[in-house]
Amino acid sequence: MQVLRFAPSPNGWLHLGHAYSALFAFEMAKRLGGRFLLRIEDIDIGRCRPEYEQAIYEDLRWLGLDWEEPVRRQSEHFAEYERYLKRLRDMGLVYPCFATRKEIQDAIAASGIPPRNWPTDPDGAPLYPGIYKDIPRDKLSRHMWEGRTYAWRLDMEKAKAEAERLNGGPIAFTEEGKSTRGDAGALPIEPELFGDVVIARKDVPTSYHLSVTVDDALQGVTLVTRGQDLFPATYIHRILQVLLGFPEPRYHHHGLIRDEAGRRLSKSARDMGLRELRAAGETPASIRRMVGL
Ligand code: GLU
């Protein structure tokens with residue numbers, strides 16, 4: 001039985017792009033005779049709000065979706081994510097990183113490489129310059145004693161080597177939609193494009209990457225559908241799946257809904273908000289037509 005999911009973050013109102021993504025997964029689950037899950041990705045306790053979460057339920061019901069109960073809310077599972085983080089720690093693949101944004105900027109400025117030439121990850125963030133990687137033990141324990149907060153970063157080079165060893169060779173994944181380059185099928189992963197990515201943030205014992213990987217595995221998701229903006233993140237999710245011994249889902253990254261000027265919709269795209277569209281007289285049927293479903 002196929003299991004699909006829609007996994008929004010309640011840190012804003014849903015817009016047309018979310019409606020497309022939710023309907024895409026829901027319709028595909030129906031076509032495959034599979035199950036459809038809704039998951040609330042609310043690890044960002046500073047930005048997520050209960051009214052946004054309530055609006056997700058309301059807007060999706062209005063669109064005609066239904067889903068299995070209970071809904072998994074990530075904020076109720078921090079202890080579980082922490083367990084998997086510990087596994088990565090025991091494998092020696094993550095390290096504590098005390099760096100502030102400012103320290104990272106300063107390190108890049110001090111590198112002699114003009115900041116605009118500094119390599120960025122597929123999301124456009126500068127690659128981590130490696131401060132706090134391999135720092136001597138006494139320095140590490142001093143920072144800890146001083147009570148400085150830290151994130152956990154994946155040592156990508158080590159992690160990739162270990163994952164390939166466990167996998168018995170290079171790691172790929174099955175793309176049923178389209179990559180950002182337009183190809184599909186068995187695609188190789190390139191997690192090194194992200195450098196030493198944060199696996200657990202300073203404020204919560206997890207990250208988007210860790211919790212999405214853990215949840216898709218624990219919920220038995222067999223086909224991950226989501227927007228193409230998350231295509232490169234799949235490199236990180238696959239490496240985590242291999243390291244943590246999780247099964248491999250298939251992936252279908254779909255195109256993004258754009259506004260009239262061809263820009264990607266963002267949370268601030270108010271005119272494309274489902275609530276505004278509903279207030280302006282749009283119906284579930286007209287919304288489906290607008291997103292081409
Ligand atoms: N929670 C993520 C978002 O709102 C999507 C997660 C996923 O589908 O993998 O963008």
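Check the entry above for the structure.
In this report, the structure presented in the accompanying data block is examined. None of the values given here were measured: they were computed from a predicted structure.

Conventions we followed
Residues numbered from 1 in each chain as written. Predicted model: local features only at pLDDT ≥ 70, side-chain atom pairs only at ≥ 80, totals over all residues. Heavy atoms only, no water. Helix = DSSP H or I, 4+ residues; strand = E, 2+ residues; numbered from the N terminus. Rg over C-alpha atoms; globule rule 2.2 N^0.38 Å. Buried < 20%, exposed > 50% of the residue type's maximum accessible area, 1.4 Å probe, protein only. Contact = heavy atoms within 4.5 Å. Areas by Shrake-Rupley, 256 points an atom, 1.4 Å probe, with all protein chains shown as cover. Lys, Arg positive; Asp, Glu negative; His and termini not counted. Charge placed at Lys NZ, Arg CZ, Asp CG, Glu CD. Polar contact = N/O pair within 3.5 Å; in protein donor to acceptor, adjacent residues only side chain to side chain. Arc of directions from axis to C-beta. Phe/Tyr/Trp six-rings, centres within 6.5 Å; stacked < 30°, edge-to-face > 60°. Lys NZ or Arg CZ within 6 Å of the ring centre and 35° of its normal. Axes fitted to C-alpha atoms, helices over the stretch in contact; angles between N-to-C directions. Parallel < 35°, antiparallel > 145°, perpendicular 65-115°, else oblique. Nonpolar A, V, L, I, M, F, W, Y, C, P; charged D, E, K, R; others polar. Near = heavy atom within 4 Å. Salt bridge = Lys/Arg side-chain N within 4 Å of Asp/Glu carboxyl O. Expected span 1.5 Å × (residues − 1).

**Quick look at the overall build of the chain**
Along the chain, the regular secondary structure elements total 10 helices and 10 strands. Relative to the 2.2 N^0.38 estimate, which gives 19 Å for 293 residues, the radius of gyration of the chain is 20 Å and therefore close to what a compact globule would have. Dimensions along the principal axes, computed over C-alpha positions, put the chain at roughly 65 × 40 × 35 Å. Residues counted as buried form 50% of the 293 residues belonging to the chain. Considering only residue pairs separated by 6 or more positions, the chain has 78% of its internal contacts joining residues 24 or more positions apart. Surface accessibility of the chain: about 14300 Å² in total, with carbon and sulfur atoms responsible for 51%. Looking at charge distribution, the chain has the averaged site of its 42 positive side-chain charges lying 1 Å from that of its 42 negative ones.

**Comments concerning the side chain of Ser-211**
Along the polypeptide, Ser-211 turns up in helix 7 (residues 208-218). Residue Ser-211 is classed as buried on the basis of its relative accessible area, which comes to 0%. Only 2.6 Å separates the side chain of Ser-211 from the backbone oxygen of Ser-207, close enough to count as a polar contact. Those residues in contact with Ser-211 that sit more than four places away from it in its chain are Ile-43, Gln-74, Tyr-81 and Thr-206.

**Considering helix 10 (residues 284-291)**
Those residues of helix 10 lying buried are Ser-286, Ile-287 and Val-291. Each buried residue of helix 10 sits inside an arc of 135° when the element is viewed along its axis, so together they form one side. Looking at the packing, one finds that the buried side of helix 10 touches helix 1 (16-31), helix 2 (50-63) and helix 9 (274-279). Once helix 10 finishes, Gly-292 follows within two positions and takes phi at roughly 80°, a positive value.

**A short note on the packing of aromatic side chains**
Within this structure, the stated rule accounts for 13 aromatic pairs. Both rings, one in Trp-13 and one in Tyr-52, keep their centres 4.7 Å apart while their planes meet at 85°; by these two values the pair is edge-to-face. Note that Trp-13 is positioned in the loop between strand 1 (3-6) and helix 1 and Tyr-52 in helix 2, a separation of 39 residues in sequence. Judged by its relative accessible area of 11%, Tyr-52 falls in the buried class. When the ring centre of Tyr-128 is taken as origin, the NZ or CZ atom of Arg-153, which lies over that ring, is 3.7 Å away. For Arg-278, the ring lying beneath its charged end belongs to Trp-62, and the centroid distance is 5.0 Å.

**A few points about the packing of helix 3 (residues 78-90) against helix 8 (residues 233-244)**
For the pair helix 3 and helix 8, interaxial distance at closest approach is 11 Å and the crossing angle is 80°. One element, helix 3, and the other, helix 8, form an angle in the roughly perpendicular class. Between helix 3, through Tyr-84, Arg-87 and Leu-88, and helix 8, the contact on the second element is made entirely by Leu-240, Leu-243 and Leu-244. Grouping the constituent residues of the contact of helix 3 with helix 8 by class yields 5 nonpolar, no polar and 1 charged.

**Describing unusual backbone geometry**
For the peptide bond that leads from Glu-69 to Pro-70, omega is -5°, which places it in the cis range. By secondary structure assignment, the location of Pro-70 is in the loop between helix 2 and strand 3 (72-73). Phi at Tyr-132 takes a positive value of approximately 75°, unusual for a residue other than glycine. Along the polypeptide, Tyr-132 turns up in the loop between helix 4 (101-110) and helix 5 (137-145). Non-glycine residue Asp-134 carries a positive phi angle of around 55°.

**What to know about the site of the ligand**
Taken together, Arg-5, Ala-7, Ser-9, Glu-41, Tyr-208, Val-212, Arg-226 and Leu-230 make up the full set of residues near the ligand. Backbone polar atom of Ala-7 to a nitrogen atom of the ligand: 2.7 Å apart, as the coordinates give it. Interatomic distance of 2.9 Å between a side-chain N/O atom of Arg-226 and an oxygen atom of the ligand. Isolated, the ligand exposes 300 Å² of accessible area, and the fraction of that covered by the protein chains is 79%. In the shell around the ligand, the residues fall into 4 nonpolar, 1 polar and 3 charged.

**Digging into the side chain of Glu-175**
For Glu-175, the location among the structural elements is in strand 6 (residues 172-175). At 7.6 Å, Arg-226 is the nearest oppositely charged side chain to Glu-175, a buried residue that forms no salt bridge. Discounting residues that sit within four places of it in the chain, Glu-175 has contacts with Asp-183, Ala-184, Gly-185, Leu-187, Phe-231, Tyr-251, His-252 and His-253.

**Re helix 1**
Along an α-helix, a turn takes 3.6 residues, which lines up residues three or four apart on a common side. Compared with the 22 Å implied by 1.5 Å per residue over 16 residues, the 22 Å span of helix 1 between its first and last C-alpha is a close match. The element helix 1 is largely enclosed, with a buried count of 14 among its 16 residues. Following helix 1 by one or two positions, Gly-33 adopts a phi angle in the positive range, close to 65°.

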